[in-house]
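# Tertiary structure, described
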Amino acid sequence: MTGAPLRVGSKDSRAPIGLFDSGVGGLSVYIHLAEQLPAERYIYYADTLHVPYGNRDSKDIEALTLTAVEWLYQQGCKLIVIACNSASAHALQTARRCYPQLPIVGLVPALKPAVLASTSGHVAVLATKATLDGALLNQVISEVAAPKGTRVIKYFDPELVPWVEAGMPETSETAQRLRQQLQAFASADVDYLILGCTHYPFFKGFLFDEIEAQQLALQVVDSGQAIATRVKSLLAEQRLLATTESVSHTEHKGHPLVFYASENNDRLKNVVQRLVGPQTQVKYII
Ligand code: DGL
């Protein structure tokens, strides 16, 4: 390793936080980050050229994720959030090994709080196939759910991520399948539904409307808020929190998000701006 650069990440508190997802899903994590840490700058990398990741094999997901992490590292990020459960499941450990001095936060479905809160002893995880098969989730199942005797139902629908990327039309067959699946979960006595993919919180409103209309006793949980809290404490520990003075006086709401995508796509800008606001800059890496 002589002469090899040490992947340290920026130690400047004004450096950006990097976020990565296969598509727009990681924006559901960004929303919590921007709320808890409004003085920070954020750079987002969406690998729209290769979305969805959920049906890819482990090596493929690992290689794509490492490319994204390297790109964010080259932008001088002080911390990176792999805002994708599928990518975290197959590449988080390798990424941390490749960049030992750079704080990297990954996602795992919020199974633990759901298991602790469940009274029926039946919970369901809605995630991609890659996440459901990955070691991170299965470790939580054996360490937290199994000892408590909680039954974990795993469910995936490969059309859910493309449905979110397409702006979630309610008349689609995907929406219809989701309605029926909610009923199936309730019939199986599930009381907690875990959204184990960062794309899914964007259809929480749809789920809540359906749960109310069908009068189901289902609670819905995701990881966004906990991840933002974790990032905040990591930055505080390392004295890397941006100060409010670094927010420009004309930008009272903080710095606008800079969103980079790996494929030039006409619809993307509209979808991104609808999800997180018109101030977002959408750029392409081509
Ligand atoms: N947002 C990603 C996740 O959390 C979606 C994966 C995909 O592209 O299939 O898993």
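These notes cover the structure that comes with them. In every chain, residue numbers begin from 1 and rise along the written sequence. Two thresholds apply to this predicted model, a pLDDT of at least 70 for residue-level local features and 80 or more for giving and counting side-chain atom pairs, whereas whole-chain, interface and lining totals are computed over all residues. As a rule here, side-chain values cover all heavy atoms of the structure and leave hydrogens and water aside.

## Some points on the layout of surface pockets
Unfilled space is identified by rolling a water-sized probe across the atoms. Size it by volume and the largest pocket reaches roughly 390 Å³. Computed over the protein atoms alone on a 1 Å grid, cavities are sets of points where a 1.4 Å probe fits but cannot get out and pockets are open sets with protein on both sides within 12 Å along at least five of seven lines; a residue lines them when it has an atom within 4 Å of a point. Considering the residues around the largest pocket, the lining is formed by 19 residues, among which Val105, Gly106, Val108, Ile227 and Arg230 are closest to the centre. Only helix H3 (85-98), strand S4 (104-106) and helix H10 (224-237) provide two or more residues apiece to the lining of the largest pocket. Where helices and strands are cited, they refer to DSSP runs of H or I of at least four residues and of E of at least two residues respectively, numbered from the N terminus. No other element matches the 4 residues that H10 contributes to the lining of the largest pocket. Partitioning the lining of the largest pocket into residue classes produces 13 nonpolar, 3 polar and 3 charged. Grid points are joined across faces, edges and corners, and a volume is the space filled by probe spheres set on the points. Polar here means any residue outside two lists: the nonpolar Ala, Val, Leu, Ile, Met, Phe, Trp, Tyr, Cys and Pro, and the charged Asp, Glu, Lys and Arg; Gly therefore counts as polar.

## Thoughts on empty space enclosed by the protein
Tallying each qualifying case throughout the model produces 3 cavities of 30 Å³ or more. Within this model, the largest cavity holds a volume of roughly 150 Å³. Around the largest cavity, the lining is made up of 20 residues, and of these Pro52, Tyr53, Gly54, Thr128 and Val161 lie nearest the centre. Looking at the lining of the largest cavity, its residues break down into 10 nonpolar, 7 polar and 3 charged. In this structure, the second largest cavity encloses a volume near 50 Å³. Lining the second largest cavity are Ser28, Val29, Asn85, Leu107, Leu195, Gly196, Cys197, Thr198, Pro201, Asp222, Ser223 and Gly224.

## Quick look at the pairing of strand S7 (residues 192-195)
Type-normalised accessible area, obtained with a 1.4 Å probe on protein chains alone, sets the label of each residue: buried when under 20%, exposed when over 50%, and partly exposed for intermediate values. Of the two faces of S7, the one carrying Tyr192 and Ile194 and the one carrying Leu193 and Leu195 are both buried. Criterion used throughout: strands pair if DSSP finds at least two bridges between them. As paired elements, S7 and strand S8 (residues 219-221) share 3 bridges and run parallel to each other. For Tyr192, the partnering residue across the bridge sits in S8 and is Gln219. Running through helix H9 (residues 204-213), the crossover from S7 to the neighbouring parallel element S8 is right-handed. The path from the first strand over the helix to the second decides the hand: if it runs clockwise while the strands point away from the viewer, the crossover is right-handed.

## A look at the site of the ligand
Neighbouring the ligand are 14 residues, the closest being Ser22, Tyr53, Gly54, Ser86 and Thr198. Whenever two N or O atoms come within 3.5 Å, that pair is a polar contact, provided that in protein one can donate a hydrogen and the other can accept it, and provided that, for residues adjacent in sequence, both atoms are side-chain atoms. Contacts to the ligand include Tyr53, whose backbone N or O atom sits 2.7 Å from an oxygen atom. Note that an oxygen atom of the ligand is positioned 2.8 Å from one of the backbone N or O atoms of Asn85. Here the residues of the shell around the ligand sort into 6 nonpolar, 7 polar and 1 charged. Here a residue is near a molecule or strand as soon as one of its heavy atoms is found within 4 Å of it.

## Looking at the sheet that holds S8
Sheet architecture is open: 4 strands sit in the order S6-S5-S7-S8, paired in parallel fashion. Two strands lie at the open edges of the sheet, namely strand S6 (151-155) and S8, each paired on one side alone. Ignoring strand direction, the axes of neighbouring strands in this sheet form an average angle of 25°. Helix H6 (residues 135-148) contacts strand S5 (122-126) and S6 of the sheet and is inclined by roughly 160° relative to S6. Lines fitted to C-alpha atoms define the axes here, with helix axes fitted over just the stretch in contact, and angles between the N-to-C directions of these axes take values from 0 to 180 degrees. The contact rule is simple, with two residues in contact once any of their heavy atoms fall within 4.5 Å.

## A short note on the environment of Arg179
Topologically, Arg179 is positioned in helix H8 (residues 173-187). Residues Arg179 and Ile211, spaced 32 residues apart in sequence, show a C-alpha to C-alpha distance of 8.7 Å. Ignoring anything within four residues of it in the chain, the contact list for Arg179 reads Glu170, Phe206, Glu210 and Gln214.

## Considerations on the pattern of salt bridges
Between Lys or Arg on one side and Asp or Glu on the other, a salt bridge is scored when a side-chain nitrogen of the former is within 4 Å of a carboxyl oxygen of the latter. Within the structure shown, the criterion is met by 8 salt bridges. The closest approach of N and O atoms between Arg56 and Asp60, which form a salt bridge, is 3.0 Å. A residue is classified by how much of its surface remains accessible, and Arg56, at 28% relative accessible area, is partly exposed. Given a relative accessible area of 29%, Asp60 falls into the partly exposed group.

Interpretation in functional terms is not warranted from these geometric data alone.
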